[in-house]
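# Coordinate analysis (summary)
If you want the building blocks of each chain, they are given just below.
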Amino acid sequence: MSAVTAPVGFIGLGIMGEGMVGRLITEKVVGTSESNPLVIWNRTGSKCSAFQSKHPDANIIVKSSAKEVVESCGVTYCMLSTPEASREVFEDAENGVLAGVSEGKSIVDCATLAESDMTRMSKEVISKGGRFLEAPVSGSKGPAATGTLIFLCAGSKDLFDEVLPNGLAAMGKASHFLGEIGRGTRAKLVVNSLMGTMMAAYSEGLALSESVGLDPSKIIEIIGQGAIASPIYAMKGPKMIAKDHAPNFPLKHAHKDMKLASDMAKEAGVSYSVNDQAELVFRKAREDADLNVADADFSAVFEQIYKDSTSTFAKER
């Protein structure tokens, strides 16, 4: 892993961004001298101040807008939580990302958006003389903090090669270049839609186990010993039966990705009925005001399964 010798920008210090940008500091990719400060901005400014306080020995500069970050750096990473937030921050005519792009500026966008969004953003950056790398990540809060994300990249191969040995290496355990813009998003939506359907099915399996008198901890153990063993099942299962849905990957974001994947499948002419049914369950959970789990971990779809169940265990749980 190599350090950079110029300022590097990072926009978006949310659940994912905070862990990712922290890796740039702890792995000494940036912020080690006056010549290579880490330049940051977040919509909630207090998060930037808190991050500075957490790393008092690093050279971290907080800017007052996304535009100023991009203007100050050759390469700027963006990690916004939703398509709406990404569009707002990117397109703000006075203070947004695009407003700061000029000849030689490079944007690495790590959000999960619709392919059309990434294509539009790439064209707009390139039209102003910049470079654009689509780089959505596979992984949640934990992998972001430990540098074990998987980057699914497309767009500028030159930019990919430039950030691979430093920024991407610090923040991830693997990085894949998939070709033309849009393919990174396509890959991410395939992965996340599969993950959502797995969680919906797992939730039903655990709910059925408990409702017919089986020990859910024993079922989790059995699942972990067989061909369907999964890190997600092993990690989430014990928390789910304890009703612990502290967010690592918010349910509302999981649902957003599943809906985008459903739309992608329709456009491609592919039957995606399993995901489509799971997406409806996630949608129901997201919109249920009584459950109030939109901001909880995506494992909270388990609570929707139980709400829709009529078993004695479901009623007494």
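Whatever comes next refers back to the structure up there.
Predicted model, so just to flag it, every value in this text is computed and none were measured.

## Some remarks on the side chain of histidine 255
If you trace the backbone, histidine 255 turns up in helix 12 (residues 251–268). Residues contacting histidine 255, with those up to four places away along its chain left out, are Glu279, Phe282, Arg283 and Arg286.

## A short note on the packing of helix 1 (residues 15–26) against helix 8 (residues 157–171)
At a minimum axis separation of 8 Å, helix 1 and helix 8 run at an interaxial angle of 125 degrees. The orientation of helix 1 with respect to helix 8, classified from their angle, is oblique. In this structure, helix 1 meets helix 8 at a crossing whose hand is right-handed. Contacts between helix 1 and helix 8 involve Met20, Arg23 and Leu24 from the former and Gly167, Ala170 and Met171 from the latter. Residue classes in the contact of helix 1 with helix 8 are distributed as four nonpolar, one polar and one charged.

## Topic: the pairing of strand 5 (residues 106–109)
Residue alternation in strand 5 divides its side chains into two sets, Ser106 and Val108 and Ile107 and Asp109, and both sets are buried. Note that strand 4 (residues 75–78) and strand 5 share four bridges and pair parallel. Residue pairing for strand 5: tyrosine 77 is matched across the bridge by valine 108. The sheet contact formed by strand 5 and strand 6 (residues 131–134) spans four bridges and is parallel. Bridge pairing in strand 6 places valine 108 opposite leucine 133. Where the polypeptide runs from strand 5 across helix 6 (residues 115–127) and back to strand 6, its parallel neighbour, the crossover connection is right-handed.

## So, the nonpolar core
With 34 residues, the main nonpolar core has Phe10, Met20, Leu38, Tyr77 and Phe151 as its most contacted residues. Among the secondary structure elements, those contributing two or more residues to this core are strand 1 (8–11), helix 1, strand 2 (38–41), helix 2 (45–54), strand 4, strand 8 (149–155) and helix 8. Top element by residues in this core is helix 8. It accounts for six residues. In this view, leucine 38 contacts Val8, Phe10, Val21, Leu24, Ile25, Val30, Gly31, Phe51, Asn59, Ile60 and Ile61; residues no more than four positions away in its chain are not counted. Among the nonpolar cores identified, the runner-up in size contains 28 residues, and Tyr202, Ile219, Phe298 and Phe302 belong to it.

## Thoughts on the layout of surface pockets
Reported here for the largest pocket is a volume of approximately 980 Å³. Lining the largest pocket are 44 residues, and of these Met16, Gly139, Ser140, Asn248 and Phe249 lie nearest its centre. Mapped by element, the contributors of at least two residues to the lining of the largest pocket are helix 1, strand 7 (137–138), helix 7 (141–146), helix 9 (183–211), helix 11 (231–241) and helix 12. In terms of residue count, the dominant contributor to the lining of the largest pocket is helix 9 (six residues). In this structure, the second largest pocket spans a volume of roughly 270 Å³. Among the elements that line the lining of the second largest pocket, the one with the most residues is helix 1, at six residues. Its residues assigned to classes, the lining of the second largest pocket shows five nonpolar, five polar and five charged.

Criteria and cut-off values
- Residues numbered from 1 in each chain as written.
- Predicted model: local features only at pLDDT ≥ 70, side-chain atom pairs only at ≥ 80, totals over all residues.
- Heavy atoms only, no water.
- Helix = DSSP H or I, 4+ residues; strand = E, 2+ residues; numbered from the N terminus.
- Contact = heavy atoms within 4.5 Å.
- Axes fitted to C-alpha atoms, helices over the stretch in contact; angles between N-to-C directions.
- Parallel < 35°, antiparallel > 145°, perpendicular 65-115°, else oblique.
- Left-handed = near helix turned anticlockwise from the far one by under 90°.
- Nonpolar A, V, L, I, M, F, W, Y, C, P; charged D, E, K, R; others polar.
- Buried < 20%, exposed > 50% of the residue type's maximum accessible area, 1.4 Å probe, protein only.
- Pairing = 2+ DSSP bridges.
- Right-handed = clockwise from strand over helix to strand, strands pointing away.
- Core = buried A, V, L, I, M, F, W, Y, C linked by side-chain atoms within 4.5 Å.
- 1 Å grid on protein atoms, 1.4 Å probe; cavity = no way out; pocket = protein on both sides within 12 Å on 5 of 7 lines; lining within 4 Å.
- Points joined across faces, edges and corners; volume = space filled by probe spheres on them.

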